[in-house]
Amino acid sequence: MATEILGQRHDRSALILYGTETGNSQDVAEDLGRVLERIHFVTRVIEMDLVELTHILKHTIVVFVISTTGQGEFPRNARAFWKSLLRKRLPPECLSHVHFAVFGLGDSSYPQFNWSARKLHRRLEQLGAKEIYPRGEADEQHPEGIDGTFLSWSLDFRAIILEKYPLSDGVVPIPSGVLLPPKFTLRFKEDAHVAASRLQQPLAGPQASPLQPQNTKILSASPSLVSATVDGTTPQIDDLGISTKMWEPPVEREIVSREYLNEPSAEPTPLEDRLPPHDLLPDIPYTIKLVENKRITPTEHWQDVRQLTFQMDETIYYTPGDTMTIYPKNFPADVEALIDLMDWGDVADIPLEFEARHPDFFLSKTLVSYHHPPGLTPLTNATLRELLTHNLDFTAIPKRHFFDQIAHWTDDKMHAERLLEFTNPAYTDEFFDYTTRPRRSMLEVLQDFPTVRIPWNWAASLFPPIRGRQFSISSGGPLHNFSKTSLTHQVQLLVAIVKYKTVLQKVRNGFCSRYIACLPPNTEINVRIDRNYAFYDGFKNQPKRPAILVGPGTGLAPCRSLIWDRAALAMKGERVGNILLIFGGRNRTKDFFYRQEWDHPAIRRIGFGCYAAFSRDQKEKIYVQDVIREQKKLIKCYMTAHARIYVCGNSGNMPKAVREAFLDVLKEMLAEKQDGEDQLSAEETLRKWENDRDYIQETW
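Residues numbered from 1 in each chain as written. Predicted model: local features only at pLDDT ≥ 70, side-chain atom pairs only at ≥ 80, totals over all residues. Heavy atoms only, no water.

A. Structural view of the overall build of the protein. A tally of regular secondary structure across the protein gives 21 helices and 24 strands. The 700 residues of the protein split such that 54% are buried. Restricting the contact set of the protein to residue pairs at least 6 apart, pairs at least 24 apart contribute 78%. When the accessible area of the protein is evaluated, it comes to approximately 32300 Å², of which 50% is carbon and sulfur surface. (Helix = DSSP H or I, 4+ residues; strand = E, 2+ residues; numbered from the N terminus. Buried < 20%, exposed > 50% of the residue type's maximum accessible area, 1.4 Å probe, protein only. Contact = heavy atoms within 4.5 Å. Areas by Shrake-Rupley, 256 points an atom, 1.4 Å probe, with all protein chains shown as cover.)

B. Summary view of unusual backbone geometry. Its identity as a non-glycine residue notwithstanding, asparagine 381 has a phi of 55 degrees, on the positive side. Locating asparagine 381 in the fold gives a position in the loop between β14 (352–356) and α7 (384–390). Given a relative accessible area of 37%, asparagine 381 falls into the partly exposed group. With a phi close to 65 degrees, histidine 642 is a non-glycine residue in the positive phi region. Structurally, histidine 642 is set in the loop between α19 (632–640) and β23 (644–649).

C. Up close: the sheet that holds strand β13 (residues 323–326). In space, the six strands of this open sheet follow the order β15-β13-β19-β11-β12-β16, with antiparallel pairing throughout. Looking at the sheet topology across the chains shown, the edges are occupied by β15 (469–472) and β16 (489–497). Averaged over neighbouring strand pairs, the angle between their axes works out to 40 degrees when direction is ignored. Direction of pairing for strand β12 (residues 304–312) relative to β16: antiparallel, over a ladder of nine bridges. Its bridge partner being in β16, phenylalanine 310 is matched across the sheet by valine 491. This element, helix α15 (residues 556–571), spans β12, β15 and β16 of the sheet and lies at about 150 degrees to β16. (Pairing = 2+ DSSP bridges. Axes fitted to C-alpha atoms, helices over the stretch in contact; angles between N-to-C directions.)

D. Looking closely at the packing of helix α14 (residues 533–541) against α15. Between α14 and α15, the shortest axis-to-axis distance is 11 Å and the interhelical angle comes to 25 degrees. In this view, α14 runs roughly parallel relative to α15, as classed from their interaxial angle. Here the hand of the crossing between α14 and α15 comes out right-handed. Here Phe535, Tyr536 and Phe539 of α14 lie close against α15, whose contacting residues are Pro558, Leu562, Asp565 and Arg566. Residues of the contact of α14 with α15, tallied by class, amount to five nonpolar, no polar and two charged. (Parallel < 35°, antiparallel > 145°, perpendicular 65-115°, else oblique. Left-handed = near helix turned anticlockwise from the far one by under 90°. Nonpolar A, V, L, I, M, F, W, Y, C, P; charged D, E, K, R; others polar.)

E. Quick look at the sheet that holds strand β21 (residues 579–585). One open sheet accounts for five strands, arranged β22-β21-β20-β23-β24; its pairing is parallel. Both edges of this open sheet fall to β22 (608–614) and β24 (695–699), since each of them pairs with a single strand only. Taking each pair of neighbouring strands and ignoring which way they run, the sheet shows an average axis angle of 15 degrees. The strands touched by α15 within the sheet are β20 (547–552), β21, β22 and β23, with β20 carrying the most contacts at an inclination of about 145 degrees.

F. Molecular detail of the packing of α19 against helix α20 (residues 653–673). For the pair α19 and α20, interaxial distance at closest approach is 10 Å and the crossing angle is 70 degrees. Our classification of the angle between α19 and α20 gives roughly perpendicular. Between α19 and α20, the contacting residues are Lys632, Ile635, Lys636, Met639 and Thr640 on the first element and Phe662, Val665, Leu666, Glu668, Met669, Glu672 and Lys673 on the second. Counted by class, the contact of α19 with α20 contains six nonpolar, one polar and five charged residues.

G. Region of the structure containing α15. Taking 1.5 Å of rise per residue, the 16 residues of α15 would be expected to cover 22 Å, and the 22 Å separating its terminal C-alpha atoms lies within 8% of that figure. For α15, the tally of buried residues reaches 14 of 16 residues, placing the bulk of the element in the interior. One or two positions beyond α15, positive phi appears at glycine 573, with a value near 90 degrees. (Expected span 1.5 Å × (residues − 1).)

H. Region of interest: the packing of aromatic side chains. Counted by the stated rule, this structure contains 27 aromatic pairs. Where tryptophan 598 meets phenylalanine 608, the ring centres are 5.2 Å apart and the plane angle is 35 degrees; that geometry is what we call tilted. With tryptophan 598 in the loop between α16 (588–591) and α17 (601–604) and phenylalanine 608 in strand β22, this pair connects stretches of sequence that are ten residues apart. Site record: aromatic cluster; members linked through ring pairs are Phe394, Phe402, Phe403, Phe422, Phe431, Tyr434 and Phe463. Over the aromatic face of phenylalanine 41 sits the side chain of arginine 12, whose NZ or CZ is 4.2 Å from the ring centroid. The ring of tyrosine 594 carries arginine 560 above its face, with NZ or CZ at 3.9 Å from the centroid. (Phe/Tyr/Trp six-rings, centres within 6.5 Å; stacked < 30°, edge-to-face > 60°. Lys NZ or Arg CZ within 6 Å of the ring centre and 35° of its normal.)

I. Structural detail: helix α1 (residues 24–37). For α1, with 14 residues, the first-to-last C-alpha span of 20 Å sits near the 20 Å given by 1.5 Å per residue. Along α1, the residues that are buried comprise Ser25, Gln26, Asp27, Val28, Ala29, Leu32, Gly33, Leu36 and Glu37.

J. A look at the nonpolar core. Ranked by internal contacts, the top residues of the largest apolar core, which has 49 residues, are Trp344, Leu446, Ile454 and Phe463. In terms of residues, this core owes the most to one element, helix α6 (residues 332–342), which gives six residues. Once residues within four sequence positions are removed from consideration, isoleucine 454 is found in contact with Met342, Trp344, Ile406, Trp409, Leu446, Leu462 and Phe463. Grouped together as the second largest cluster of nonpolar side chains are 32 residues, Val305, Leu562, Ile579 and Ile606 included. (Core = buried A, V, L, I, M, F, W, Y, C linked by side-chain atoms within 4.5 Å.)

Okay, here's the thing in structure tokens:
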């Protein structure tokens, strides 16, 4: 007989596995987990690589959410699982008892659009697994982004699952008005009870707990709980249903970071001028030191582009195409604004720990809960303030789920109704106009709805983790060396600082850009360096083969790394293939990054040539694809010599336009060689180059 825990039957289990680089697949997987939990499946959402192949046999259904990265590759946290599926000794019908669905996330500007999802789907069927619902494929280039596909797919998926796995008589889906319990909550550490009692802060218990909102049902085995109080003022409401009550700046409190505890006292810096503390996050592999944060565009130019130079241990190895992941932090003024708005001041500086909900739900000893939510790397004995500073991204643009959650945490009926409207797919345009177009953050939403009071226990379940931002390494060859005498190495990045005005004329800063822009020299940070073998291996193994590099804007970074890598071989007296660089920017005098380097004697040895397109230096805009067509004779010579082609930079229109330009040149070249050769032949040739990794697209 099946047992029930919190209304969930143990004979209906769903395993949702995700593979992600940026966190989008994890967000989708968690959304699907909530969909299935509301129709009484015991759900588990987990990274693919944390699951062995035999474990997926134990669940009623298995859902795979997978993104595609690089040259049609699996994300890092899904590659081990994918390799386990490719083992030759697996029997053909070993997954015959698995019922699965796949949802892929991709970018149609890449030739290998959603390859990971397609390969995974095909391999599962080869091993006998049964598809329960057709594969979905989201496209980042869709006007509505991932939601353009996911919303309709998930609604139909839910209907099919209910049809194939009907509920028992008398059992109904859990309604949206019932708040699902979080997988994790925060609680005071045992040795923090004394500190909490001094603050007269009640601890969780049968009489008082901040886990349940007022007037809201919650699916929980715990006794009825009480929400935080709100102030007695009545906010004014505009015609959109959004409060027009003025948000007041936070009360300035004395904040002491761990790193400054042993430093001599000094005049306190005003809150708005304080920089994020430099505490090093655990579980991130490499500690490096910033030695230069240099702006390489003129100060009067609208675009601020930085060259960041870091010093690192000589044992840290990288090659062209590799990326460095930097983990940004929230600024103290923003952290204090949230703490003040939510009335968390009394608990903000007490050490906390995570409490996972019922790991016995998950049916397998190997599928126990994390010690903390996935993606977080908290400091030891972290406080709420430290979690908000180092780990929780409350300045992210909110998803629909955020509005659904915070609607439970207000006692203002108009606010709750307006928040729930944003969760309704019928109001997609309104949701887009309120969130994505103006790039409105979670903090700003909470300032718009000041009656919302989120319990501090829920903070880590409501706000997403701060995810690292990847940057292509721009140094290579002799630029590895920090100095001729030093045993340390260096690594350089080329970073455009994101700062712009929204449709509401409000200045926005990119989260990581803002953090990077303020980093002073000698700052130590922990970073990841991830290898990109598909990008570099062919270039390394065939040094005599010529290359065409297309790198507009900061897309020049991996191209520069390749150029200096080949220059290093030439400096050793080796014969190397020529390199043709096609660069793009707005203005020659302001955006021509590293122009002086191209005259370096070491680079002249490799038969280097550079053609540049500057779109704003004349009335008619000129882009890199125009240069390709203009220099088609030279491009044909490189193609005839079997040049490897690299296209690097921003995704979107550029990669497609560049590919079309190369296709035009290739079509003309083939027509000259083979009379009557048609467009399809050129397309087939280019696809072969892509499959053979002779045409490589590295865009972001």
